[in-house]
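Overview (structure and organization)
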Amino acid sequence: MNNKKEIYYKYFEEKLLPFMYPLEEYRLNTVKKLIISSVLMFLAGILSAFLFIHFCLKNTSTLLLLPVFLFLMYFFFIKSIINVMWTGRQYQKWLTEKVLPYFFEPVANFKHWFKNNDIKSLLDAGIFGNFDAQEDVECIFGVYNNTNIIVSNTSLTIPVNRTVFKGTVIQLELTESIENHVVLISKNERKHNRYRQYNPHIEELNKYLYVFAKNQNNIDFINEDFWKIIERFGYLYTAKGLSISYKNNIFIIAMRQKFPWQFGFIFKSLLKAKNYDDLIERFTVIFDLVDLLTKQPY
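Just so you know, these numbers come straight off a predicted model, no measurement behind them.

This brings us to the overall build of the protein. Helix and strand counts for the protein stand at 6 helices and 9 strands. Taken over the C-alpha trace, the protein has a radius of gyration of 25 Å; the compact-globule value for 298 residues is 19 Å, which it surpasses by more than 25%. Principal-axis analysis of the C-alpha atoms gives the protein an extent of 85 × 50 × 35 Å. A buried classification covers 45% of the 298 residues belonging to the protein. With an accessible surface of roughly 16,600 Å², the protein has 57% of that area assigned to carbon and sulfur atoms. The protein carries 35 positive and 28 negative side-chain charges, and their two centres are separated by 9 Å.

Turning our attention to the sheet that holds strand β6 (residues 196-198). Read from one edge of the open sheet, 9 strands run β1-β2-β3-β4-β9-β8-β5-β7-β6, paired in antiparallel fashion. Whereas interior strands pair on both sides, the edge strands pair on one side only; in this sheet they are β1 (111-112) and β6. Note: strand β5 (residues 181-186) against strand β8 (residues 241-247), 5 bridges, orientation antiparallel. Opposite Ile185, over in β8, you have Ser243 as the bridge partner. Where helix α6 (residues 277-294) meets the sheet, it contacts β2 (133-144), β3 (147-158), β4 (162-173), β8 and β9 (250-256), and its direction lies at approximately 115° from that of β3.

Right, let's get into the side chain of Thr284. With respect to the element layout, Thr284 can be found in helix α6. The class for Thr284 is buried, based on a relative accessible area of 3%.

As a further point, take the packing of helix α5 (residues 224-236) against α6. Here α5 crosses α6 at 160°, and the two axes come no closer than 10 Å. On the basis of their axis angle, the class for α5 and α6 is roughly antiparallel. α5 and α6 meet at a crossing whose hand is left-handed. Packed against α5, whose contacting residues are Asp225, Phe226, Ile229, Arg232, Phe233 and Leu236, the element α6 presents Glu281, Arg282, Thr284, Val285, Ile286, Asp288, Leu289 and Leu292 at the interface. By residue class, the composition of the contact of α5 with α6 is 8 nonpolar, 1 polar and 5 charged.

This part covers the confidence of the model for the protein. Confidence along the protein averages 87 in pLDDT terms, with 92% of residues attaining 70 or more. Here helix α2 (residues 66-99) is the element of the protein with the lowest mean pLDDT, 82, and β9 is the one with the highest, 95.

Below, the discussion takes up α6. Over its 18 residues, α6 runs 25 Å from end to end, which matches the ideal 26 Å to within 8%, given 1.5 Å per residue. Within α6, 15 of the 18 residues are buried, which leaves it mostly tucked inside the rest of the structure. Of the residues trailing α6, Lys295 is marked for its positive phi of about 55°.

In this structure the tally under the stated criterion is 22 aromatic pairs. With a centroid separation of 5.3 Å and 85° between ring planes, the pair formed by Phe221 and Phe226 is classed as edge-to-face. The buried category is assigned to Phe221, whose relative accessible area is 8%. Overall, the relative accessible area of 0% leaves Phe226 in the buried class. Ring geometry for Phe265 against Phe267: centres 5.5 Å apart, planes inclined by 65°, an arrangement best described as edge-to-face. Residue Phe265 is classed as partly exposed on the basis of its relative accessible area, which comes to 44%. Residue Phe267 is classed as partly exposed on the basis of its relative accessible area of 44%. An aromatic cluster is present here, built from Tyr8, Phe110, Tyr144, Phe283 and Phe287 joined pairwise through their rings.

If you look at the biggest cluster of nonpolar residues, it comprises 65 residues, and the most contacted ones within it are Phe103, Ile149, Ile170, Leu172, Phe233, Phe251 and Phe283. Element by element, the count of residues in this core is highest for helix α1 (residues 3-56), at 10 residues. Sequence-distant contacts of Leu172, that is, excluding residues within four places in its chain, are made with Thr147, Asn148, Ile149, Asn249, Ile250, Phe251, Ile286, Leu289, Val290 and Leu293. Counting 13 residues, the second largest nonpolar core, distinct from the first, contains Ala125, Phe165, Val169 and Ala254.

Together, Arg89, Lys166, Lys240 and Lys258 make up a positively charged patch on the protein surface. Position of Lys240 relative to the elements: it lies in the loop between α5 and β8. For Lys240, a relative accessible area of 47% puts it in the partly exposed group.

Conventions and cut-offs
- Counting from 1, residues in each chain are numbered in the order their sequence is written.
- Given that the model is predicted, a residue must reach a pLDDT of at least 70 before its local features are reported, and side-chain atom pairs must reach 80 or more before they are shown or counted; all residues, however, enter totals for whole chains, interfaces and linings.
- Side-chain numbers here rest on the full set of heavy atoms in the structure, without hydrogens or water.
- Working definition: helices are DSSP H or I runs of at least four residues, strands are E runs of at least two. Numbering for both runs from the N terminus.
- As a reference, a globule follows 2.2 Å times the number of residues to the power 0.38, and the radius of gyration itself is taken over C-alpha atoms.
- Note on classification: 1.4 Å probe, protein chains only; a residue is buried when its accessible area is under 20% of the maximum for its type, exposed when over 50%, partly exposed between these limits.
- Per-residue and other accessible areas were derived by the Shrake-Rupley procedure at a 1.4 Å probe size, with only the shown protein chains allowed to occlude residues.
- Note that His is not counted, nor are the chain ends; the positive residues are Lys and Arg, and the negative ones are Asp and Glu.
- To locate a charge, the coordinates of NZ of Lys, CZ of Arg, CG of Asp or CD of Glu are taken.
- Only strands joined by at least two bridges in the DSSP assignment are considered to pair.
- Contacts are assigned to residue pairs that have any heavy atoms within 4.5 Å of one another.
- Axes here refer to lines fitted to C-alpha atoms; in helices the fit is confined to the stretch in contact. Angles between the N-to-C directions go from 0 to 180 degrees.
- Under this scheme an angle from 65 to 115 degrees is roughly perpendicular, one under 35 degrees roughly parallel, and one over 145 degrees roughly antiparallel; angles in between are oblique.
- Left-handed is the label given to a crossing in which the near helix is rotated counterclockwise from the far helix by less than a right angle, and right-handed is the label when the rotation is clockwise.
- Residue classes follow a fixed rule: Ala, Val, Leu, Ile, Met, Phe, Trp, Tyr, Cys and Pro count as nonpolar, while Asp, Glu, Lys and Arg count as charged, and any other residue, Gly among them, counts as polar.
- Per residue, pLDDT measures the predictor's confidence, with a range of 0 to 100.
- The span you would expect from a helix comes to 1.5 Å times its residue count less one.
- Here the aromatic set is Phe, Tyr and Trp, taking the six-membered ring for Trp, and pairing holds for ring centres within 6.5 Å; pairs whose planes are under 30 degrees apart are stacked, those over 60 apart are edge-to-face, and all others are tilted.
- Nonpolar cores are built from buried Ala, Val, Leu, Ile, Met, Phe, Trp, Tyr and Cys residues. Side-chain atoms within 4.5 Å join them into one set.
- Patch membership is restricted to residues that have no salt bridge and whose relative accessible area is over 30%. Joining uses 9 Å for like charges and 5 Å for the nonpolar side chains Val, Leu, Ile, Met, Phe, Trp and Tyr.
- Every case where a carboxyl oxygen of Asp or Glu lies within 4 Å of a side-chain nitrogen of Lys or Arg is listed as a salt bridge.

Right under this line is the structure:
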């Protein structure tokens, strides 16, 4: 097991577990309410379907009620499904607000940070195109291996509320500079630079990413180990698109997502550390990237 993951597990068992019991009680109550309401609506749908069929078989004036029963049948069936989806979405929001902060402290000691404060770095990255507003929903700051880390759930927009980017942006302020500007962009994203394209001779990476650089100096960090970590980012953050900028000592990875920072599942217990694996690995993959870029063991 990854050593950093063990740190999270130990921290959970020794410090977080007592705080999780009331949160677990809230989850169980939410599940009970969800099941009861969904079952009642489903039964109402079945009753409407029964009445619809019953009056279909009777040649009476009550046939005029058929459209009403048909509507009620579809309404209750669809409502029971929507109820599950809506409750699940609200629960995800609750997890982000109430549970996520408990996992900030291990390893990097993350804290809530000032929102919308890194717009200059994002503009300098040259991976987003033009935008005039940055709107952070949440932003945290931590330090690991002498590297400042900012993780933001953000959206970038231009006038008339057009969204240029929505997702997670991770910014690393490293101690050493590469004296270059290297850009990696997934092939489903628009290119926003005029740098020369390079071939890192990594077959899997070349399938998904373009690599550009201002010059050919100090780009040897793009190797098989680097690609394996970047591939993990895409998987763990369910990224629809991915862009990377490494300019001097600032490394930025931006992952376009529909629901940034979403984790957990309403039917999973909050009292088992194993159920937080996806969340924990989203943190540990950042630390693994820092270790690789600084070439210092944890």
